[in-house]
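Structural description and commentary
Residue strings, one per chain:
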Amino acid sequence: MAQLTMVQALNKAIADEMERDSSVFCLGEDISDKDGGFGGAFAVTRGLYEKFGEERVLNTPISEILISGAAIGAAMVGSRPIADLQYGDFIFCMMDQLCNQAAKMCYMSGGQVKVPMVLRAPVGATQRGAQHAQSLEGFFTRVPGLKVICPATPYDAVGLLKTAIRDDNPVIVFEHKKLYGGKRVEAGAIAPVGEVPDKEYTIDFGKAEIKREGTDITIVANLLMMYRAMEAASHLEKEGISCEVIDPRTLVPFDFDTVIKSVKKTGRLMIVHEDTYSNGWGAEISAYVAEHAIYYLDAPIVRVTTYDTPIPFSPVLEDYVIPSTERIIESVRQLMDS
Amino acid sequence: MAQLTMVQALNKAIADEMERDSSVFCLGEDISDKDGGFGGAFAVTRGLYEKFGEERVLNTPISEILISGAAIGAAMVGSRPIADLQYGDFIFCMMDQLCNQAAKMCYMSGGQVKVPMVLRAPVGATQRGAQHAQSLEGFFTRVPGLKVICPATPYDAVGLLKTAIRDDNPVIVFEHKKLYGGKRVEAGAIAPVGEVPDKEYTIDFGKAEIKREGTDITIVANLLMMYRAMEAASHLEKEGISCEVIDPRTLVPFDFDTVIKSVKKTGRLMIVHEDTYSNGWGAEISAYVAEHAIYYLDAPIVRVTTYDTPIPFSPVLEDYVIPSTERIIESVRQLMDS
Amino acid sequence: MEAKMLLEMYEQMDLIRTYEETLYYLFLEGIMPGSIHQSHGQEACAVGMLYGLRKTDYMASTHRPAGHDIAKGVSVKDMMCEMFGKEDGCCKGRGGAMHTGDITVGAIPANAIVGGNIPISTGIGLSLKMQKRDDVVVCFFGDGASNEGAFHEGLNGAAIWKLPVIFVCENNLYGASTSIKNTLNIEDIALRADSYGMPGEVVDGNDVLAVYAAAQRAITRARKGEGPTLLELKTYRIAGHSRSDGCAYRDDVEEAEWFARDPIELLKNKILKEKIADEQILADIHEKNEQIVNEAVDYAIEAKEPSVDDVLLNVYWEGD
Amino acid sequence: MEAKMLLEMYEQMDLIRTYEETLYYLFLEGIMPGSIHQSHGQEACAVGMLYGLRKTDYMASTHRPAGHDIAKGVSVKDMMCEMFGKEDGCCKGRGGAMHTGDITVGAIPANAIVGGNIPISTGIGLSLKMQKRDDVVVCFFGDGASNEGAFHEGLNGAAIWKLPVIFVCENNLYGASTSIKNTLNIEDIALRADSYGMPGEVVDGNDVLAVYAAAQRAITRARKGEGPTLLELKTYRIAGHSRSDGCAYRDDVEEAEWFARDPIELLKNKILKEKIADEQILADIHEKNEQIVNEAVDYAIEAKEPSVDDVLLNVYWEGD
Ligand SMILES: Cc1ncc(C[n+]2csc(CCOP(=O)(O)OP(=O)(O)O)c2C)c(N)n1
Ligand SMILES: Cc1ncc(C[n+]2csc(CCOP(=O)(O)OP(=O)(O)O)c2C)c(N)n1
Ligand SMILES: [Mg+2]
Ligand SMILES: [Mg+2]
């Protein structure tokens, strides 16, 4: 058992897979630490150059169409690329390659080709302004052909990233900047350290984890918001409100069974995410439950999300638009009263 | 009163506005019919070159970043560009300019600059395969700073497009290929012809239209699906099921009031769209109602949508994945039974 | 040796033309779904570039893929079935006219996003290099595509990593209805190679032997690990951009000049002049091609439709 | 006349340096939110390009905007307030370090997407031309940005439409930690101008007068309606890429060589050598700049935070 930060866990998963399978390689901007390079904007790929050499830890130009296109092409003919985005927001620069190419290639070709690639994209607001702050999950949970995962703990990071690398489909991994740990400490960062078994393991996609059992309300929350939901649940317990907190861990595929089972027990559903309110990934969860399990609900399905604005730079405003533990607590109280 | 097709109506709206305001201009691939050019992939911009000259009907290279960037830049300093996409699917090639630039510019600048631009994007499946078929609304209903409209009738096309051109924000107009009319007749096209007053008018955003009143179920549907929903409603009437059909007309802003008022009356809500099931724009409508009006519901909120696949080319499969009138009818029956 | 090659080239070019003309008539008859972009007039580009390539070499095409596919060895029957959206199509009817291909012969299923196949070809080249294979990628695109960001990023990547990719710009003077005069401020797209420190070459795209010679130079370079090349093949599409296009934007003089340089006629004249074959032999070749295409049509019309029960198949990979 | 210009240039360059160094200390003290990308060492690029421009001319900047903003005339106080996220900031605290600007002096609020400002600048140029204004746009970006698709598409558009845009590539040899040796297969980015049929020029970016001279040539051309120019300013950033970067990826010899060519020192030497001013006058200038910056800091620290009640304001335009 090792105690690892998210950055260490992600690094371990990549290193293990590169060790295991010589077709795995990394590419992205500043990902190598050769000759004093960054080893990734958040240092996730540090040390890999030394272990695996320049060819498998490939620094690219600032060129997101190239990064994504190169990953797709390489994946189509036998490689297993892990592409890196410095900030998730830059994903729009490669949107065609992801949505029109990677996602559709297998289907359009009638199953001739597969695209086993991973794209890692940091999300979350950290006082950098609107172009370095977005939570982007909902753009991709609507693209058939893509898988979308959101590991929030070091344990999950290792298990899910390994599964992603071994998956034969394009997988987008959203990681939260405030969970990374490591040298860059952002205001309000949590940087969880968690146990990671030495023994090799993977985690299947589509299996949510009940982080905390409860009876009054089901809270589904990912990434940083999972931690805030847990904190809120602790507080609310003192008020006699028992929250069940579920981390879906993967958004596509999504473990609706676990959520619906929980809703059957609690009768109340709240979704908490840093993604936008309108058509955030929670909209789909809410709509799905309203379609398939509405009769188990005793109250409205509530979404506690970032407000529908570009993320403001001002720390005061940024803190306001992103769901805080207090906002979650208050929202639960209101929902329990309704 | 003139009887116009969608293509004629859109053309009229653009021509009128170009006449009225010299800062309005069009740009896009093959939009000019100078020297035998197409006048737009669907002939919407035909004849404008002759009226307004080369400078205001600007053929661009095949270069979507340029088209969008040029529109944004021009809009920031006093022009009112109308940009054209040949097929909506190519929107991913300009995604950064739309989502990171156009949408955020006003907010990030603290209100210094506005971006009064229109982007017209044809959607819908017409036997061209997965990269020429998507309905993309749900990608943009989640981007704060953008407005999203979907005119389905010639009357609405004129009124809404004029409003879009005069709006000081970036507006994306989704038009349906099977509604256009004109020279290219696609299999299964409807090509409505409708009355358009000679007198100038505009239609405010955020005002849904009740296309048909009913008491048993509320059906919200846009573009081609609005017509199929209307057809389904006619059939269902004979079975004694009274459908209220609402065309939201604009998705951002969305007229939740009209929908909720209708749901209060009918107790049942169905959303029909050609957009994907998962996180399609209907997910938001469903989730919103589940959050704000759940107690008025007597049944699950059902979404009848394109199945979650890249759009298959095969006409048999394409017809199967897109909601048909029959599928809508069957879904209503099931919902009425539930 | 050269004689054999010329006749094989002729056979392929004629097959492409026969195939595409047949498609055109099927559209006119109204029995074929969707649309098509014919490569009519550009057959020398496809055949000259791909003649003699290995099955393990790759080819990446565009919305106008039929010529490239046939020259790379995709079965006409599989393609025809695809055109009709049938289950026996090369893409099981899921792809359609703009996505045909067959990975087993190295024809990457085609890409309908202008420029979209360029960075992907760079990626294929990258993997080939990492795998230490000496195979190459031939990536086709048009003059119009050379204005896309994907072109810029894809070529730059291939250049800095010295990848075995041959970038082939078929400059047919128009992107849809728009003349290159309005979209490019330069004479030769090949010049853009300089931006990436890569060799660029202008080639007569209607002369299949000129194309072949340039292709061999670039392929040899690529196989030796010396990196990519940009070839600009000057050519002309005889048919419209797509099935509904009457080419009102082109002037008669220009058309006449280019039509007089029909690549199939040019090759035919050479074959006849050099007495490599006589008219009869060429007529036999054509007849054989017609038969291939007609059989494909007959088969495809009768072939079975995909089952709607399988509609979700291959949204995700089903396992090797 | 030249004397006045040189002193004003010196004053601006010193102000930029003073402002950015102060920011750096504020970060070290831990009282400033977010991050910053300093233009330390590149001040001659900003000032040489923008000196003497009209307010009605536009300037479009990047994640590293402070120098450009100051040289275009944005108030240091407004920028400092923005850095603290205050309501009095040039972007009302909504933008932050990577989005500063002031449209009223022609400084387009900066763009943090590498290359993102390039096609937008083309659009501004397009509108200027349509409005028949003889104003110009100066668009800054880095060596790294020249590998983005947005660069390619933006420059091509400006070239074919002959727009009044000056594209300025500040080649500081690195994109973040990555050397241009690994991202470009060519020596000079200016060469890329050829792809668009636009003039390109390599300039010593640390010599403010060389930059100014090249700027004037390009601006004159643009104002006359002769179209865009690509200028490549060879320069070096003295500070790290962002506040947390120690530049471990650069070698000492390279650093020493470039540090010896600090643009402010070069200008200072010239001024002293040509006896345009003495040490004391330059010290006074610096002192005045320190005062401006310090006053801005004091003001910004005390300035009021934006109200959360206004958080939705300007998601959409609120009316003129
Ligand atoms: C990204 C993108 N933009 C626009 C289109 C629409 N379109 C299809 S083919 C075509 C013209 C392509 O011109 P060129 O690259 O010269 O190839 P050609 O058709 O001449 O072979 C256009 C504009 C597209 N498919 N993809
Ligand atoms: C599209 C995009 N990709 C990546 C980044 C992250 N990033 C910010 S600055 C930078 C380096 C930019 O290099 P260059 O263009 O040379 O400008 P410089 O920083 O040297 O001034 C990178 C990679 C970004 N902001 N936008
Ligand atoms: Mg062409
Ligand atoms: Mg740089």
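These notes cover the structure that comes with them. (Residues numbered from 1 in each chain as written. Chains lettered and ligands numbered in written order. Predicted model: local features only at pLDDT ≥ 70, side-chain atom pairs only at ≥ 80, totals over all residues. Heavy atoms only, no water.)

**Regarding the coordination of the magnesium ion (ligand 4)**
Residues and elements named next belong to chain D.
- Surrounding the magnesium ion (ligand 4) are the protein donor atoms Asp-143 (OD), Asn-172 (OD1) and Tyr-174 (O), at 2.1 Å.
- As a motif over one chain, the donors of the magnesium ion (ligand 4) read D-x28-N-x1-Y.
- The exposure class of Asn-172 is buried, given its relative accessible area of 6%.
- The buried category is assigned to Tyr-174, whose relative accessible area is 8%. (Donors = N, O, S within 2.8 Å, 3.2 Å for Na, K, Ca; no water. Buried < 20%, exposed > 50% of the residue type's maximum accessible area, 1.4 Å probe, protein only.)

**Focus on the sheet that holds strand β3 (residues 137–142) of chain D**
All names here are of chain D.
- Pairing is parallel in the open sheet, where six strands are placed in the order β2-β1-β3-β4-β8-β7. Across the chains shown, the open sheet's two edge strands, defined by having one partner strand only, are β2 (107–108) and β7 (200–204).
- Judged from the five bridges that link them, β7 and strand β8 (residues 229–234) form a sheet pairing that is parallel. The partner of Val-203 across the bridge, within β8, is Leu-233. (Pairing = 2+ DSSP bridges. Helix = DSSP H or I, 4+ residues; strand = E, 2+ residues; numbered from the N terminus.)

**Some remarks on the interface of chain B and chain A**
- Taken together, the contact between chain B and chain A spans 53 residues of the former and 53 residues of the latter.
- Of the roughly 4,500 Å² buried between chain B and chain A, counting both surfaces, carbon and sulfur atoms make up 57%.
- It is Arg-142, Asn-279 and Glu-291 of chain B that lose the most area in chain B upon contact with chain A, and together they represent 18% of the buried surface on that side.
- Our count for the contact surface shared by chain B and chain A stands at six salt bridges.
- Here Asp-275 of chain B ties to Arg-142 of chain A by a salt bridge, and the two come within 2.8 Å at their closest N and O atoms.
- Between chain B and chain A we count 32 residue pairs in polar contact (both at pLDDT 80 or more) in total.
- Listing elements by their share of the side of chain B that touches chain A, those giving two or more residues are α4 (95–102), α5 (105–108), α6 (137–140), β13 (269–276), α10 (281–292) and β14 (302–306) of chain B.
- Examining the composition of the side of chain B that touches chain A, we find that nine residues originate from one element, α10 of chain B, more than from any other.
- Tallied by class, the residues present in the side of chain B that touches chain A amount to 28 nonpolar, 15 polar and 10 charged. (Contact = heavy atoms within 4.5 Å. Buried area = accessible area lost by both parts, 1.4 Å probe. Salt bridge = Lys/Arg side-chain N within 4 Å of Asp/Glu carboxyl O. Polar contact = N/O pair within 3.5 Å; in protein donor to acceptor, adjacent residues only side chain to side chain. Nonpolar A, V, L, I, M, F, W, Y, C, P; charged D, E, K, R; others polar.)

**Observations regarding the side chain of Arg-327 of chain B**
All names here are of chain B.
- In this fold, Arg-327 is placed in helix α12 (residues 325–337).
- The charged side chain of Arg-327 is buried without a salt bridge, its nearest counter-charge being Glu-326 at 8.7 Å.
- With residues near it in sequence (within four places) discarded, Arg-327 still touches Val-304, Thr-305, Thr-306, Tyr-307, Tyr-320, Val-321 and Ile-322. (Lys, Arg positive; Asp, Glu negative; His and termini not counted.)

**As for the site of ligand 1**
- The environment of ligand 1 is formed by 22 residues, the closest being Glu-64 of chain B together with His-63, Arg-64, Ala-112 and Asn-172 of chain C.
- Lying at an intersection of chains, ligand 1 is approached by residues of chains B and C.
- Between an oxygen atom of ligand 1 and a main-chain N or O atom of Tyr-174 of chain C, the distance comes to 3.0 Å.
- Alone, ligand 1 offers 580 Å² of accessible surface; in the complex the protein occludes 97% of this.
- Across the shell around ligand 1, the residue classes break down as nine nonpolar, eight polar and five charged. (Near = heavy atom within 4 Å. Areas by Shrake-Rupley, 256 points an atom, 1.4 Å probe, with all protein chains shown as cover.)

**Quick look at the coordination of the magnesium ion (ligand 3)**
Residues and elements named next belong to chain C.
- Around the magnesium ion (ligand 3), the protein contributes the donor atoms Asp-143 (OD), Asn-172 (OD1) and Tyr-174 (O), at 2.0 to 2.1 Å from the metal centre.
- Read N to C, the donor residues that coordinate the magnesium ion (ligand 3) are spaced as D-x28-N-x1-Y. Of this pair, Asp-143 sits in the loop between β3 (137–142) and α6 (149–160) while Asn-172 sits in the loop between β4 (165–171) and β5 (174–175); the two residues are 29 residues apart in sequence, bridging distant segments of the chain. We note that Asp-143, like Asn-172, is buried.

**Points about the site of ligand 2**
- Lining the immediate environment of ligand 2, one finds 22 residues, of which Glu-64 of chain A together with His-63, Arg-64, Ala-112 and Asn-172 of chain D sit closest.
- Around ligand 2, the neighbouring residues derive from chains A and D rather than from a single chain.
- Gly-144 of chain D is positioned such that a nitrogen or oxygen atom in its backbone is 2.8 Å from an oxygen atom of ligand 2.
- When the free accessible area of ligand 2 is taken as 580 Å², the share hidden by the protein chains comes to 97%.
- When the residues that make up the shell around ligand 2 are grouped by side-chain class, the tally is nine nonpolar, eight polar and five charged.

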